[in-house]
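Listed below are the residues making up each chain.
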Amino acid sequence: MPSERVQQQIEKLREEIRHHEYRYYVLDDPEIPDAQFDALMNQLKKLEKEHPELVTPDSPTQRVGGRPREGFVKVRHSVPMLSLDNAYSEEELRSWERRVHELSGRKSVEFVCELKLDGMSLALRYEGGKLVRGITRGDGTTGEDVTSNVRTVRSVPLSVALEKLRKAGLPAGFEVRGEMLMPIASFKRMNEEREKHGLSVFANPRNATAGTVRQLEPSITAQRRLDFFAYILIASQESGGTGAPARAAIFFDNQWNMLNALDATGFKVNPRRALAKNFDQVWEFIGQWEEKRETLPYEIDGVVIKVNDFGLQRQLGFTGKAPRWAIAYKYAARAGITLIEDILVQVGRTGKLTPVAALKPVPIGGTTVSRATLHNMDEIERLGVKIGDWVEVERGGDVIPKVTRLVDDKDHPRGHKSFHMPEKCPVCGGNIARTQGEVDYRCVNQKCPAKLRETILHFASRGVMNIDGMGDALVTQLTERGLVRDIADIYKVTKADLLSLERMGDKSAQNVLNEIERSKQLPLERVIFGLGIRFVGERTAQFLAEHFGDMNTLMNAGEEELQQVEEVGPRIAKSIVEFFSEPKNRELVEELRAAGLTLRGKKKERGTKLAGKTFVLTGTLANLTRDEAKKMIEDAGGKVTGSVSKKTDYVVAGSEAGSKLDKAKGLGVAVIDEEQMRELLSK
Ligand code: IVH
């Protein structure tokens, strides 16, 4: 029997962890470093392991659980999930507002303005303060039970203390509705990963969110970093509910107070909201966020305006599918329909050929778009587009415009000219190759000028060496005139060189030189990323810098050692070794060093508990993804390799472990489970 003390200790830890999850995931304002948080979590996991009878579903350790057994079960909504009517212009919005005034018979009406988040709406049911169900909107009446995936989203509270609910004026049973979304950064990262592994990419964060929420494997959902914003609270109708909107009106008088109560209860409520006293203030909010839209970490497609007062909301009621008391003002579409006049081929830094649609110029969200990417041959086939076709083009956040769909109706005749990849590089005339099993075609000429241009552009770009002013126009001139023949040449450019170029005055030349000088201070990971090694993106560069601590050690590392680095598999390791086995590339690094670049970083301190021990992971672990387990072992100084040999010290086996387990048994290698691995770590 566990003593009361252990139970109290566990509860205290959980509360502490919940508090830090809240600080981190809801407020974006952590109080403690990640390592300290991990330590608390490990402490809790250890105690729960020793006292499995004390594990509860709302424990912070229980976010990633088993997969739903028979796919997703259909669930009826407590109250229908309605959608909103849209307004596309100031005129339409004004006429909605006039109607609200007329119907209400009041002189002044207050409105709540909220950003219209571009994700998918979800309903979360709580009973006794605990999350029991997450349901998609579905057709509005019936949705799908996606609880196991929703639980992995860290801004969704698994439980709310009853005391907190009481203070906020809420009952223990209630339903919260809001928007699930994928932040742009997570979206980009996910697509980069998918591209790296040869998988198809998601068109936009909204589709990615929907795809992720409907994943059958919750551990995948957990990795993809979704976020949830609450905007509606419904009192639970335990008596069965007549369908009458028993909205939060029972507990609150208005939308504004309801949002604040959700906020106080620990839900993530968008801080970008406003209480408007009149139409002018509504219009100001709309204008303000239209301008700042690009600065948000997620995509929005408009502003939702709601009548604040619940009494008035009831009075206004509903039309068929939407409330009269709310409306969505949609920002100018960031998609447009236009004609593909031609399909060109762009040569990237790695020699990759990207088909690009040359479009009949079309205004989309404030700019004129005349080019859109078609990604690769597979995508062209998937879309089924030919030159002369009409297509839909989308422009999201700071992403390159892309062709999303073929428009084929009576107003838009089909094109006839099929596109084929050229047999020679359109820039240098070099040979083109397609590696078996890969989607992409590449120019194999190492000296292709397009590669040089793109390599320099990449090196100078914002996330890399951040050399302001070294954009398209300047780099094209520098490379065409032979002033820059490789990355190191950037640091040899003189003022006279710059002044000899078109449209370059003394002041801008000096600015560029200052920027180049400044870039020398950037840390090792930026330089690694800047080298343009195939498959080495921003994250991998970061891991490499942390692992090796300086460029020399990285340059001399073999494939096996490279594979010890987080997220580096055989393919990346091979590519890095190939890169540094080329004498020209090694010379390049020496030249960068001579120019005074920082080729040292901060080596991450590693533990020594598992120093010298080699592990192999196999099967599905109960609470950890392989990457997480790998990181834990490595952080403790151990190594994780891919195959079992006599040199392996431990095989960590989860459920459905296959041949590696058999091999371990055959060789007499110690086989342990996740719990035993944790024990080794905590000894
Ligand atoms: S209120 C009855 N508020 O927009 C009221 N919806 O076009 C229903 N959405 O299905 C929704 N942000 O997915 C509301 N702040 C917000 C919203 C929002 C995004 C989405 C939601 C809804 C759709 C309606």
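Residue numbers restart at each chain and count upward from 1, following the sequence in its written direction. Totals for whole chains, interfaces and linings use all residues, but because this is a predicted model, local features are given only for residues with pLDDT of at least 70 and pairs of side-chain atoms are given and counted only at 80 or more. Computation of side-chain values: all heavy atoms of the structure, hydrogens and water removed.

(A) Local environment of the environment of Phe229. Tracing the chain through its elements places Phe229 in strand β8 (residues 227-235). We classify Phe229 as buried; its relative accessible area is 4%. Spatially, the C-alpha atoms of Phe229 and Val269 are 5.3 Å apart, while their sequence positions differ by 40 residues. Non-local contacts of Phe229, meaning those with residues more than four positions away in its chain, are made with Leu117, Gly178, Glu179, Leu181, Lys268, Val269, Asn270 and Tyr298. Secondary structure counts use DSSP, requiring at least four H or I residues in a row for a helix and at least two E residues in a row for a strand, with both numbered from the N terminus. Buried, partly exposed and exposed residues are distinguished by accessible area as a fraction of the type maximum, computed with a 1.4 Å probe on protein chains only: under 20%, between the cut-offs, and over 50%, respectively. Note on contacts: a residue pair is in contact if any heavy atoms of the two residues lie within 4.5 Å.

(B) Fine view of the state of the cysteines. Disulfide: a pair of cysteine sulfur atoms within 2.5 Å of each other. Tallied over the entire structure, the rule returns 0 disulfides. In this structure Cys448 is a free cysteine whose sulfur lies 3.7 Å from that of Cys428, the closest cysteine sulfur available.

(C) Focus on the environment of Asn445. Relative to the elements of secondary structure, Asn445 occurs in the loop between β18 (441-443) and α13 (449-460). For the pair Asn445 and Gly654, spaced 209 residues apart in the sequence, the C-alpha separation amounts to 46 Å. Excluding anything up to four places from it in sequence, Asn445 contacts Cys428, Gly430 and Lys451. Polar side-chain contacts of Asn445 include one of 2.8 Å to the backbone nitrogen of Lys447. The term polar contact refers here to a pair of N or O atoms within 3.5 Å; inside protein, the definition further demands a hydrogen-donor-capable atom paired with an acceptor-capable atom, and it admits residues adjacent in sequence only when both atoms are side-chain atoms.

(D) Spatial organisation of the sheet that holds strand β10 (residues 300-307). Between any two strands, pairing holds if DSSP finds at least two bridges. Strand order in the open sheet made by the 5 strands is β2-β11-β10-β3-β9, with mixed pairing throughout. Lying at the two open borders of the sheet, with one neighbouring strand each, are β2 (86-87) and β9 (273-276). As judged from the 7 bridges shared by strand β3 (residues 111-117) and β10, these two strands associate in the antiparallel manner. Note that in β10 the partner of Cys113 across the bridge is Ile305. For helices, the axis comes from a line fit to the C-alpha atoms of the stretch in contact; other axes are also lines fit to C-alpha atoms, and the angle between any two N-to-C directions lies between 0 and 180 degrees. Here helix α9 (residues 255-265) sits on the sheet and contacts β3, β9 and β10; the angle it forms with β9, its principal contact strand, is near 155 degrees.

(E) Structural detail: unusual backbone geometry. Positioned with a positive phi, Asn466 is a non-glycine residue whose angle comes to about 55 degrees. Relative to the helices and strands, Asn466 is located in the loop between α13 and α14 (472-480). With a phi angle near 55 degrees, Glu656 is a residue other than glycine that sits in the positive phi range. When you line up the elements, Glu656 lands in the loop between β21 (650-653) and α24 (659-667). With relative accessibility at 77%, the residue Glu656 sits in the exposed group.

(F) Expanded view of the pairing of strand β15 (residues 390-394). Counting buried positions over the 5 residues of β15 gives 4, a clear majority of the element. By the bridge criterion, 5 bridges tie strand β12 (residues 335-347) to β15 in an arrangement that is antiparallel. Residue pairing across strands places Gly336 opposite Val393, the latter belonging to β15. Inspection of the sheet shows β15 paired to strand β16 (residues 402-407) by 5 bridges, in the antiparallel sense. Within β16, the residue paired with Val391 across the bridge is Leu406.

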